[in-house]
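What follows is the residue order along each chain.
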Amino acid sequence: MTRSVEILRFIEQLKWVDLVDFLVVWAIIYALLKLVRRTRAVQMAIGLLGVGLLYQAAVIFGLDTLQFVMRNTLLYFGFAILVIFAPEIRSALMRVGSNVRRPWRFGRARPAQEALDDIVLAAMTLSSRRIGALIVLERNVGLQNYVETGVELGAALSYDLLVTIFDPHTPLHDGAAIIRNYHVTAASCFLPLTLNPRLSKELGTRHRAAIGITEDTDAVAVVVSEESGVISFVESGEISRYLNSSRLRELIRGALEPSRRFIDIARPLRRGSRAKAAGADGPRERVTEEYIK
């Protein structure tokens, strides 16, 4: 009975400010957990937790030497965390900044349907000819650093241009083409490779570069395999393979939809519905889980 009275008194003392405070903290923790999900940060955080538990064990059992060593080591843990989690922190800040910015609309220069048709038709043509390709579509986070690694073009997006760029007999075919606001901004660009050690050996350098750029930024990528002609779509480090033209168009349109920036919290639900809808067209693999040998 006394317990119930204490609980009631505690509830009576709560104010609406306390509720707002709790919701804000919950939202921040949820966003952080969502950012580090399926990344190296999870394993690193577990390792740091293990170090903390070891220190507590040293205190409990009176291991003075171990306490001395770890106490002096913990003073530098703040700097170590900044160094270890630097890629995750950079990615998180870029995503937060991209959500604050004015939404970038993939459709200001020309009709969206025409641009989608050019990309999809080019991917299908390259696939039928067994020509490898990597097309990166910029969204909120700028890709200027990667543009500068290639040859800047600034040309209007077209089917003929994309097919010509990836022709093996041209000097620009080896690398990625970056598309910004319906313009092929650059070609033959170098992208960061994913550091995920558990990927299938079937995924080559193009696929690993596509996964890497989508892990570091919010860009999306279309990949055509040179060996098999399989068309893949990569978003947020997740890859969908064995796509046909209609499925590829659907994924690109969904990724470039401006409203997605304001409802990222519902993205897992939308991905689930996409996976169900893709049953007839091809499997969707989470490269960190299912698509592992």
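Residues numbered from 1 in each chain as written. Predicted model: local features only at pLDDT ≥ 70, side-chain atom pairs only at ≥ 80, totals over all residues. Heavy atoms only, no water.

Undergrad: What is the right way to look at the overall build of the protein in this model?
TA: A count of helices and strands for the protein gives 12 helices and 8 strands. Out of the 293 residues belonging to the protein, those deemed buried represent 37%. Pairs at least 24 apart in sequence give 66% of the contacts found in the protein among residues at least 6 apart. (Helix = DSSP H or I, 4+ residues; strand = E, 2+ residues; numbered from the N terminus. Buried < 20%, exposed > 50% of the residue type's maximum accessible area, 1.4 Å probe, protein only. Contact = heavy atoms within 4.5 Å.)

Undergrad: What should I look at first to understand the nonpolar core in this one?
TA: What tends to happen in soluble globular proteins is that the nonpolar side chains get buried as a cluster. Counting 32 residues, the largest nonpolar core has L137, L162, F166, V222, F233, L248 and I252 as the members making the most contacts within it. Secondary structure elements with two or more residues in this core: helix 7 (112–128), strand 1 (133–137), helix 9 (159–165), strand 3 (176–180), strand 4 (183–189), strand 5 (220–224), strand 6 (231–235) and helix 11 (245–255). Top element by residues in this core is helix 7. It accounts for 7 residues. Sequence-distant contacts of V222, that is, excluding residues within four places in its chain, are made with A123, A133, L134, I135, I231, S232, F233, L248 and I252. (Core = buried A, V, L, I, M, F, W, Y, C linked by side-chain atoms within 4.5 Å.)

Undergrad: Quick question: what am I supposed to make of the pairing of strand 1 here?
TA: If a strand is regular, its side chains alternate between the two faces of the sheet. Counted residue by residue, strand 1 has 5 buried out of 5 residues, so it is predominantly covered. Of the two faces of strand 1, the one carrying A133, I135 and L137 and the one carrying L134 and V136 are both buried. Across 5 bridges, the pairing between strand 1 and strand 5 is antiparallel. Bridge pairing in strand 5 links V136 to A221. Note that strand 1 and strand 3 share 3 bridges and pair parallel. Its bridge partner being in strand 3, I135 is matched across the sheet by A177. (Pairing = 2+ DSSP bridges.)

Undergrad: Could you clarify how one ought to interpret the environment of M70 in this entry?
TA: Note on placement: M70 falls in helix 4 (residues 64–74). Accessibility expressed as a relative area gives 9% for M70, which makes it buried. In this structure the C-alpha to C-alpha distance between M70 and G52, which are 18 residues apart in sequence, comes to 9.1 Å. Apart from the residues lying within four places of it in its own chain, the contact partners of M70 are V51, L54 and Y55.

Undergrad: Whenever I open this one, the packing of aromatic side chains confuses me. Can you help?
TA: For any pair of aromatic rings, geometry is given as the distance between the ring centres together with the angle between the planes. In the structure shown here, the tally under the stated rule is 1 aromatic pair. On the basis of an interplanar angle of 15° and a centroid distance of 5.5 Å, the ring pair of W26 and Y30 is categorised as stacked. Residue W26 and its partner Y30 are both found in helix 2 (residues 16–36); the two are separated by 4 residues, about one turn of the helix. The class for W26 is partly exposed, based on a relative accessible area of 48%. Positioned above the aromatic ring of Y242, the side-chain terminus of R241 is 5.1 Å from the ring centre. (Phe/Tyr/Trp six-rings, centres within 6.5 Å; stacked < 30°, edge-to-face > 60°. Lys NZ or Arg CZ within 6 Å of the ring centre and 35° of its normal.)

Undergrad: What is the right way to look at the confidence of the model for the protein in this model?
TA: In regions of low pLDDT, the predicted coordinates are not meant to be interpreted in detail. Counting all residues, the mean pLDDT for the protein is 78, and 75% of those residues have values of 70 or more. Confidence over residues 102–111 falls short of pLDDT 50; this stretch has 22 contacts with residues more than four positions distant or in other chains. Here residues 275–293 is modelled with pLDDT under 50, and outside its nearest four sequence neighbours on either side it reaches 39 contacts, counting other chains as well. (pLDDT = per-residue confidence, 0-100.)

Undergrad: I tried to follow the side chain of D218 on my own but got confused; where do I start?
TA: Mapping D218 onto the fold places it in the loop between helix 10 (205–216) and strand 5. For the buried residue D218, which engages in no salt bridge, the nearest side chain bearing the opposite charge is R139, 4.5 Å off. (Lys, Arg positive; Asp, Glu negative; His and termini not counted. Salt bridge = Lys/Arg side-chain N within 4 Å of Asp/Glu carboxyl O.)

Undergrad: It is not clear to me how the side chain of R241 should be interpreted in this structure. Could you clarify?
TA: Examined against the element boundaries, R241 turns out to sit in the loop between strand 7 (238–240) and helix 11. Within polar-contact distance, the side chain of R241 engages the side chain of E202 at 3.1 Å. (Polar contact = N/O pair within 3.5 Å; in protein donor to acceptor, adjacent residues only side chain to side chain.)

Undergrad: What am I meant to see in the pattern of salt bridges here?
TA: Side chains that differ in charge, positive against negative, can pair when their charged atoms come close. Applying the stated criterion across every chain yields a total of 6 salt bridges. Between E202 and R241 there is a salt bridge, with its nearest N and O atoms 3.1 Å apart. Taken together, the positions of E202 in the loop between strand 4 and helix 10 and R241 in the loop between strand 7 and helix 11 put the pair 39 residues apart, joining distant regions of the chain. Judged by relative accessible area, which is 42%, E202 ranks as partly exposed. R241 gets classed as buried once you look at its relative accessible area, which sits at 2%. A salt bridge links R206 to E226; the nearest nitrogen and oxygen atoms lie 3.4 Å apart. With R206 in helix 10 and E226 in the loop between strand 5 and strand 6, this residue pair connects regions lying 20 residues apart in the sequence. Taking relative accessible area as the criterion, R206 reaches 23% and is therefore assigned partly exposed.

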